[in-house]
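Overview (structure and organization)
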Amino acid sequence: ALELIGKTGLFSYDLLMVDITLPGMDGLEFVRQVREELKLNPSIIIISGFVDAERVRRAKSLNLRTVLVKPFTPERLDACLDEFRKHWRPREPGKQ
């Protein structure tokens, strides 16, 4: 996923939804790499079945839009997406 996201010019992302449990690295490390190494700044919603104080601290340090805790209802997901839509501004083509 990082390799695909890092191919500048091929994709433009306004919102990423990332599970905290990923094969090979946790979702918060993935977000850190997107922000710091790839220098991209999409809005990000983290999805997790378990959120502890350390993960909340790490999520806040990465400037995440929200943490969506599983299981969640369609209404909760819609509320998160509505919040994103309130602040979303279209990007210029080709800009990250």
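Above this text is the structure in question.
Residues numbered from 1 in each chain as written. Predicted model: local features only at pLDDT ≥ 70, side-chain atom pairs only at ≥ 80, totals over all residues. Heavy atoms only, no water.

The full count for this structure, using the stated rule, is 8 salt bridges. Across the pair Asp 19 and Lys 70 runs a salt bridge whose closest N-O atoms are separated by 2.8 Å. Of this pair, Asp 19 sits in strand E1 (residues 15-19) while Lys 70 sits in the loop between strand E3 (66-69) and helix H4 (74-87), placing them 51 residues apart in sequence. One salt-bridge network, held together by shared partners, links Glu 29, Arg 32, Glu 36 and Glu 37. (Salt bridge = Lys/Arg side-chain N within 4 Å of Asp/Glu carboxyl O. Helix = DSSP H or I, 4+ residues; strand = E, 2+ residues; numbered from the N terminus.)

Attention now goes to the environment of Ile 45. Residue position: Ile 45 is located in strand E2 (residues 43-48). Its relative accessible area of 0% is what places Ile 45 among the buried residues. Through-space distance from the C-alpha of Ile 45 to that of Leu 64 is 6.4 Å; in sequence the pair is 19 residues apart. The residues contacting Ile 45, other than those within four sequence positions of it, are Leu 15, Leu 16, Met 17, Val 18, Thr 66, Leu 68, Cys 80 and Leu 81. (Buried < 20%, exposed > 50% of the residue type's maximum accessible area, 1.4 Å probe, protein only. Contact = heavy atoms within 4.5 Å.)

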